[in-house]
Amino acid sequence: MSESIEALVGAALSRIINPRLESDVLSAGMVRDLTVHQDGRVAFTFLLGRSDPATLVRETRSALKAVPGVTEVKISVVDPAGPAPTTHAAPGGAAPQSTGMPAPPAPVEFPHLGRVIAVSSGKGGVGKSTVAANLAVALAQSGKRVGIMDADIYGPNIPRMFGLFERPPVRDGRIQPLEAHGVKLMSIGFLVDRDAPAIWRGPIIMKVIQQFLRDVEWGDLDYFVVDMPPGTGDAQLSLVQSVQVSGAVIVTTPQEMAVGDALRGAKMFEKVNVPVYGIVENMSAFVDPATGQRFALFSSGGGQRLADEVGVPLLGEIPLQPGLADQADQGRPIVMSLPDSPAAQALRSVAAAVEAAARASTMSLPVINQ
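Residues numbered from 1 in each chain as written. Predicted model: local features only at pLDDT ≥ 70, side-chain atom pairs only at ≥ 80, totals over all residues. Heavy atoms only, no water.

Side note on the overall build of the protein
Scanning the protein from N- to C-terminus turns up eleven helices and 16 strands. Residues classed as buried in the protein amount to 47% of the 370 residues present. In the protein, once contacts between residues fewer than 6 apart in sequence are set aside, the share between residues at least 24 apart is 72%. Entry remark: accessible area of the protein is about 17,500 Å², with carbon and sulfur atoms responsible for 53%. (Helix = DSSP H or I, 4+ residues; strand = E, 2+ residues; numbered from the N terminus. Buried < 20%, exposed > 50% of the residue type's maximum accessible area, 1.4 Å probe, protein only. Contact = heavy atoms within 4.5 Å. Areas by Shrake-Rupley, 256 points an atom, 1.4 Å probe, with all protein chains shown as cover.)

Here's the deal with unusual backbone geometry
Even without a glycine there, the phi angle at Asp-172 is positive, about 55 degrees. Exposure remark for Asp-172: the relative accessible area of 82% places this residue in the exposed category.

Side note on the pattern of salt bridges
The tally for this structure, following the rule as stated, stands at eight salt bridges. In this structure, the salt-bridge partner of Asp-227 is Lys-128, at a minimum N-O distance of 2.9 Å. Residue Asp-227 is found in strand 12 (residues 223–227), and its partner Lys-128 is found in helix 3 (residues 128–141); the two are separated by 99 residues along the sequence. Residue classification places Lys-128 among the buried positions, given a relative accessible area of 7%. (Salt bridge = Lys/Arg side-chain N within 4 Å of Asp/Glu carboxyl O.)

What to know about helix 3
For helix 3, built from 14 residues, the straight-helix expectation of 20 Å at 1.5 Å per residue is met to within 8% by its first-to-last C-alpha distance of 20 Å. The buried count for helix 3 comes to 13 of 14 residues, which makes it a mostly enclosed element. Residue Gly-143 follows helix 3 closely and has a positive phi angle near 100 degrees. (Expected span 1.5 Å × (residues − 1).)

What about the packing of aromatic side chains?
Aromatic ring pairs are defined here through the distance separating the ring centres and the angle between the ring planes. Following the criterion strictly, the structure yields two aromatic pairs and no others. Measuring from ring centre to ring centre gives 6.1 Å for Phe-44 and Phe-46, while their planes differ by 70 degrees; the resulting arrangement is edge-to-face. Exposure class is identical for Phe-44 and Phe-46. Each is buried. Taken together, a centroid distance of 4.9 Å and an interplanar angle of 85 degrees make the contact between Trp-218 and Phe-224 edge-to-face. (Phe/Tyr/Trp six-rings, centres within 6.5 Å; stacked < 30°, edge-to-face > 60°.)

What about the pairing of strand 3 (residues 31–36)?
Moving residue by residue along a regular strand, the side chains alternate between the two faces of the sheet. Sheet topology places strand 3 next to strand 4 (residues 41–47); four bridges connect them, and they run antiparallel. Bridging from a neighbouring strand, Val-31 pairs with Phe-46 of strand 4. The turn joining strand 3 and strand 4, which pair antiparallel and follow one another in sequence, is formed by four residues; a positive phi near 95 degrees is taken by Gly-40. (Pairing = 2+ DSSP bridges.)

Description of the environment of Pro-254
Structurally, Pro-254 can be placed in the loop between strand 13 (247–252) and helix 7 (256–271). C-alpha separation for the pair Pro-254 and Gly-302, spaced 48 residues apart in sequence, amounts to 4.1 Å.

Some details on the sheet that holds strand 5 (residues 72–78)
Two orientations exist for strands paired in a sheet by backbone hydrogen bonds: parallel and antiparallel. Strand order in the open sheet made by the three strands is 3-4-5, with mixed pairing throughout. The open sheet has two free edges, formed respectively by strand 3 and strand 5, since each of these has just one partner strand. The mean angle between the axes of side-by-side strands here comes to 10 degrees, regardless of whether they run parallel or antiparallel. (Axes fitted to C-alpha atoms, helices over the stretch in contact; angles between N-to-C directions.)

So, the side chain of Glu-355
Within the secondary structure, Glu-355 is located in helix 11 (residues 342–362). Taking the relative accessible area as the measure of exposure, Glu-355 reaches 10% and is therefore buried. Side chain to side chain, Glu-355 and Lys-144 meet in a polar contact 3.1 Å long. For Glu-355, the contacting residues outside a window of four places in its chain are Leu-139, Ser-142, Lys-144 and Tyr-223. (Polar contact = N/O pair within 3.5 Å; in protein donor to acceptor, adjacent residues only side chain to side chain.)

Looking at the confidence of the model for the protein
Mean pLDDT for the protein: 81, with 84% of residues reaching 70 or above. Segment residues 83–104: pLDDT under 50, and 26 contacts once partners within four positions in sequence are set aside and those in other chains are kept. (pLDDT = per-residue confidence, 0-100.)

Section: the pairing of strand 7 (residues 146–150)
The buried count for strand 7 comes to five of five residues, which makes it a mostly enclosed element. Of the two faces of strand 7, the one holding Val-146, Ile-148 and Asp-150 and the one holding Gly-147 and Met-149 are both buried throughout. Bridge count between strand 7 and strand 11 (residues 183–187): five bridges; the pairing is parallel. Pairing of Val-146 across the sheet is with Val-183, part of strand 11. The pairing of strand 7 with strand 12 spans five bridges and is parallel. Across the sheet, the residue bridging to Met-149 is Val-226, located in strand 12.

Listed below in structure tokens is the structure:
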């Protein structure tokens, strides 16, 4: 049985192509110290250079976890330009020692959360929370089981977006998420006073995110949307180290300053092996309600330029629309309150594009019952 698993693991690795080398990772010598245990545990060192695509690690992990019989995959990532791990036994039969760089904490899988989608932006004020809230509601309207976690610890907006400010109940030691418009919700805004400043350091942020993942009774979900804070700080790193993020959606506005900041956010996800599903351009134009004519008040084309530079699709362009902000302040996401408006239609198209991207990222992987 172990030989069969070893053969399947080897075959899976031989199908992972490094585009820089135009060779599979096995033939290129990127896989070292490969060990396949009889109980299905797989471990090896992955030599990943700075010029190699960071997404190779995630692609390799996903391919191996799809192999029948594989129960666990541990990958130690090492830069071959730095000290390489020793692959031979030390003199006297001592255990081999590794002097390579320590691998980052492996994210934990929460199968009941479904696909975890991070909605992020490079800077504040671009409408990230509006996109996240409407994305979650649109997915719920399509029949999906959806939860949204507000990871913006310093400026939580999800309570206002959904019109809820009460404290969530606790039953049997588990926090019960609140629910509105068919979406389960959790935010630090439910737990602290609205005017209380969040003066917290990184370790506290990580604990809050981990508690929201582990101690909230989310139930079984199809999609778990995470409204990230702007930038590339502690919350982003805490999330990708705490849970297996399926993909990220980057929100920007058309002007070049916002696009430049959003590019850094997209590159951050690439560095931590999280695929970027695509770009959403918010405030792309003003649509005259009387004539339907579009006016580009904040420049144009920034979202497409960013998508081209990152190499991902432009998921949608959300127009400026009178009443959108008022609806959000009243806790009424526009896909629900004004479903026929141009902004609502664009946001539903974004939700459909995100669903398609999530399916495409996993459609080649067989379902394994363990």
